[in-house]
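This is what each chain is made of:
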Amino acid sequence: MSPAPSAERHLERAEEWLEDASLEDILKFVWESFGNRACLGTSFQPGGTVILHQALRLGFRFPVFTLDTGLLFDETLALKNQLERRLGIEIESVRPARSVAEQAEDVGPALWNRDPHLCCFLRKVEPMRARLASADAWITGLRRDQSRERASIQIAEEYQPDPGSARRITKFHPLARWTREDVQAYLARYDLPQNPLLARGYRSIGCQPCTRPVANPDADERAGRWSGFDKTECGIHTFVAENI
């Protein structure tokens, strides 16, 4: 592998190097390029735990946050507390402007059953835009093998948090080339906790009303989300990407 480009070089020049770089080297590149202006978002899927653990092992104290929609499983909230204790960190909970009860008063109850796109926009997309307003880079746990929609993600992509603004940041997917098996091997190596719902047939875990277990063990990792709707993404990862 060729030497890593310096942090001062434009990110365009790093594209080819990043594609072949290890998780450690990608995180080092992000830290040296952005420092704590890069944030790590996690929904406590296994990949997010891998990145968080590896970053801390390397001494990179990225700000860490999660979107707390008010509709998360109790098991997810318990895992958040468990990781905070285990890793000695505090994970910021980013919440929507309105509580679930206030949203019901404004647009009617159980919006997720009638218009999950709008519900995700109000409870995930808007809070995410607000959080990223103070960041220059965002690190995620997305992988190419998770679904067809994610198969073409790059290690680094240009991201526009708000289509109404020209402002763009850099979005990093350090695990893009990893497989589900790679993630599980890392978790086992370091004895890291996982959401117990994964052992009960859930492939990935989001909000409680919109997440179901899946009988087919070979289904992709987005199966079981928004059952009955033509929807596999909440909206925070939906954008026109430009490789950098």
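Regarding the nonpolar core
Line of reasoning, step 1. Of all hydrophobic cores here, the largest spans 40 residues; its most connected members are Leu-18, Val-30, Val-50, Phe-62 and Phe-172.
Line of reasoning, step 2. The dominant element in this core, judged by the number of residues it contributes, is helix H2 (residues 23–34), at six residues.
Line of reasoning, step 3. Grouped together as the second largest cluster of nonpolar side chains are twelve residues, Cys-39, Met-128, Leu-132 and Ile-236 included.

Points about the pattern of salt bridges
Line of reasoning, step 1. Applying the stated criterion to the full structure yields eleven salt bridges.
Line of reasoning, step 2. The salt bridge partner of Arg-95 is Asp-68, with a shortest N-O separation of 3.7 Å. Within this pair, whereas Arg-95 is found in the loop between strand S3 (92–94) and helix H5 (100–107), its partner Asp-68 is found in the loop between strand S2 (64–67) and helix H4 (74–87), the two being separated by 27 residues in sequence.
Line of reasoning, step 3. For Arg-95, a relative accessible area of 54% corresponds to the exposed category.
Line of reasoning, step 4. The partner of Arg-200 in a salt bridge is Glu-75, and the shortest N-O contact between them spans 3.3 Å.

Considering the confidence of the model for the chain
Line of reasoning, step 1. Across the chain, pLDDT averages 88, with 89% of residues at or above 70.
Line of reasoning, step 2. Across residues 5–9, where pLDDT falls below 50, the model places six contacts with residues more than four positions away in sequence or in other chains.
Line of reasoning, step 3. Low confidence marks residues 239–244, where pLDDT is under 50. Its contacts with residues over four positions away, or in another chain, come to 21 contacts.

Examining the packing of helix H3 (residues 46–57) against helix H8 (residues 180–189)
Line of reasoning, step 1. Between H3 and H8, whose axes approach to 10 Å, the crossing angle comes to 50 degrees. As the angle between them shows, H3 and H8 are arranged oblique. The interaxial crossing formed by H3 with H8 has left-handed handedness. Between H3 and H8, the residues in contact are Pro-46, Gly-47, Thr-49, Val-50, His-53, Gln-54 and Arg-57 and Val-183, Gln-184, Tyr-186 and Leu-187, respectively.
Line of reasoning, step 2. For the contact of H3 with H8, the residue count by class is five nonpolar, five polar and one charged.

What to know about the environment of Arg-129
Line of reasoning, step 1. Along the polypeptide, Arg-129 turns up in helix H7 (residues 116–132).
Line of reasoning, step 2. Residue Arg-129 is classed as partly exposed on the basis of its relative accessible area of 26%.
Line of reasoning, step 3. For Arg-129 and Pro-161, which are 32 residues apart along the polypeptide, the C-alpha to C-alpha distance reads 5.5 Å.
Line of reasoning, step 4. In this view, Arg-129 contacts Phe-121, Pro-161, Asp-162 and Pro-163; residues no more than four positions away in its chain are not counted.

Overview of the pairing of S2
The two faces of a sheet get side chains in turn, since along a regular strand they alternate between them.
Line of reasoning, step 1. Covered by surrounding structure in S2 are Val-64 and Thr-66 together with Phe-65 and Leu-67, the residues of both alternating faces.
Line of reasoning, step 2. Here two bridges tie strand S1 (residues 38–41) to S2, and the two strands are oriented parallel to one another. Bridge pairing links Leu-40 to Val-64 in S2.
Line of reasoning, step 3. Handedness of the crossover joining S1 and S2 through H3: right-handed.
Line of reasoning, step 4. Here S2 pairs with S3 via three bridges, running parallel.

Definitions and limits used
- Residues numbered from 1 in each chain as written.
- Predicted model: local features only at pLDDT ≥ 70, side-chain atom pairs only at ≥ 80, totals over all residues.
- Heavy atoms only, no water.
- Core = buried A, V, L, I, M, F, W, Y, C linked by side-chain atoms within 4.5 Å.
- Buried < 20%, exposed > 50% of the residue type's maximum accessible area, 1.4 Å probe, protein only.
- Helix = DSSP H or I, 4+ residues; strand = E, 2+ residues; numbered from the N terminus.
- Salt bridge = Lys/Arg side-chain N within 4 Å of Asp/Glu carboxyl O.
- pLDDT = per-residue confidence, 0-100.
- Contact = heavy atoms within 4.5 Å.
- Axes fitted to C-alpha atoms, helices over the stretch in contact; angles between N-to-C directions.
- Parallel < 35°, antiparallel > 145°, perpendicular 65-115°, else oblique.
- Left-handed = near helix turned anticlockwise from the far one by under 90°.
- Nonpolar A, V, L, I, M, F, W, Y, C, P; charged D, E, K, R; others polar.
- Pairing = 2+ DSSP bridges.
- Right-handed = clockwise from strand over helix to strand, strands pointing away.

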